[in-house]
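Here are the chains, one letter per residue:
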Amino acid sequence: MFLNFLKPSQSPQTKEIFNSALAQAKKTFPQRFEMETRDAEHRRQKFEAISIFMALYAWYLKTEGSKTAGQLSQQAYDHMFDMYEIAMREQGVSDVRVGPEVKKLAAAFHGRLESYTKAFDAGDTAQLAEGFVRNHVCEREKAMGLSIAIISEARQMEKQDLDAWLSNLKNLQKSIYEPKEFLAEDAS
């Protein structure tokens, strides 16, 4: 965080990607975001919620395959962990503990990204639901419904090119997925 001036500048879309993931997490798990973070467990619950959508976006950007998408994915990842670091400091986590805590979150995110990516690639709702249960995202009864919605969103995202997906980030922040081709059909 203190050496951010050494990082290359971020694209304007970087914050939009993170803000979209955060907005979808808040809409999906409103009770986790209703109050200020109280403790490590509450931080973990928020992390799990945001990780679902950041993993989905990272997966999309990887499958899109362009150099720009790869750069956006890395910048969004960096921004997410910068935000976690800032949030921990604001919550009073000691300076000595912030770095190790962020490293733990990064390692956990990589595990989720690997697990969720396999499910996104295969369109496997059962595998994704099992990952949600394993990571304590939600109870088994809710995991399948959530995984169906996320896999459905992944399939919609695959149909868009990068420019269309980026232009739709504001709708993603509202949790209203309206790709341009669907909007055009509705207008006629």
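Residues numbered from 1 in each chain as written. Predicted model: local features only at pLDDT ≥ 70, side-chain atom pairs only at ≥ 80, totals over all residues. Heavy atoms only, no water.

Caption draft 1: The arrangement of the overall build of the protein chain in detail. Helix and strand content of the protein chain: 10 helices and zero strands. By the burial criterion, 43% of the 188 residues in the protein chain qualify as buried. Contacts in the protein chain between residues at least 24 apart in sequence constitute 63% of all its contacts with a sequence separation of at least 6. Carbon and sulfur atoms form 55% of the exposed surface of the protein chain, whose accessible area is close to 10,200 Å². (Helix = DSSP H or I, 4+ residues; strand = E, 2+ residues; numbered from the N terminus. Buried < 20%, exposed > 50% of the residue type's maximum accessible area, 1.4 Å probe, protein only. Contact = heavy atoms within 4.5 Å. Areas by Shrake-Rupley, 256 points an atom, 1.4 Å probe, with all protein chains shown as cover.)

Caption draft 2: Representation of helix H1 (residues 12-28) within the structure. Between the first and last C-alpha of H1 there are 25 Å, a value that for 17 residues agrees with the 24 Å anticipated at 1.5 Å per step. Restricting attention to buried positions, one finds in H1 the residues Thr 14, Ile 17, Phe 18, Ser 20, Ala 21, Ala 23, Gln 24 and Ala 25. Buried residues along H1 sit against helix H2 (30-33), helix H3 (40-64), helix H4 (67-90), helix H7 (140-158), helix H8 (162-167) and helix H9 (169-173). (Expected span 1.5 Å × (residues − 1).)

Caption draft 3: Representation of helix H5 (residues 95-122). Relative to the 40 Å expected for 28 residues at 1.5 Å per residue, H5 spans 41 Å between its end C-alpha atoms, a close match to the ideal helical length. Of the positions making up H5, those classed as buried are Val 98, Glu 101, Val 102, Leu 105, Ala 106, Phe 109, Arg 112, Ser 115, Tyr 116, Thr 117, Ala 119 and Phe 120. In the core, the buried residues of H5 are packed alongside H3, H4, helix H6 (125-134) and H7. Gly 123 occupies a position one or two residues after H5 and carries a positive phi of about 65°.

Caption draft 4: Here's a closer look at the layout of surface pockets. Considering only enclosed or pocket space, the largest pocket measures out at about 500 Å³ in volume. Residue lining of the largest pocket: 20 residues in total, with Thr 37, Lys 46, Met 83, Ala 87 and Gln 91 positioned closest to the centre. Per-class residue counts for the lining of the largest pocket are 12 nonpolar, three polar and five charged. The volume enclosed by the second largest pocket comes to roughly 290 Å³. Forming the boundary of the second largest pocket are 16 residues, of which Ala 58, Trp 59, Ser 73, Phe 109 and Leu 113 lie nearest the centre. Going through the elements one at a time, H3, H4 and H5 are the ones with two or more residues in the lining of the second largest pocket. Residue composition of the lining of the second largest pocket, by class: nine nonpolar, four polar and three charged. (1 Å grid on protein atoms, 1.4 Å probe; cavity = no way out; pocket = protein on both sides within 12 Å on 5 of 7 lines; lining within 4 Å. Points joined across faces, edges and corners; volume = space filled by probe spheres on them. Nonpolar A, V, L, I, M, F, W, Y, C, P; charged D, E, K, R; others polar.)

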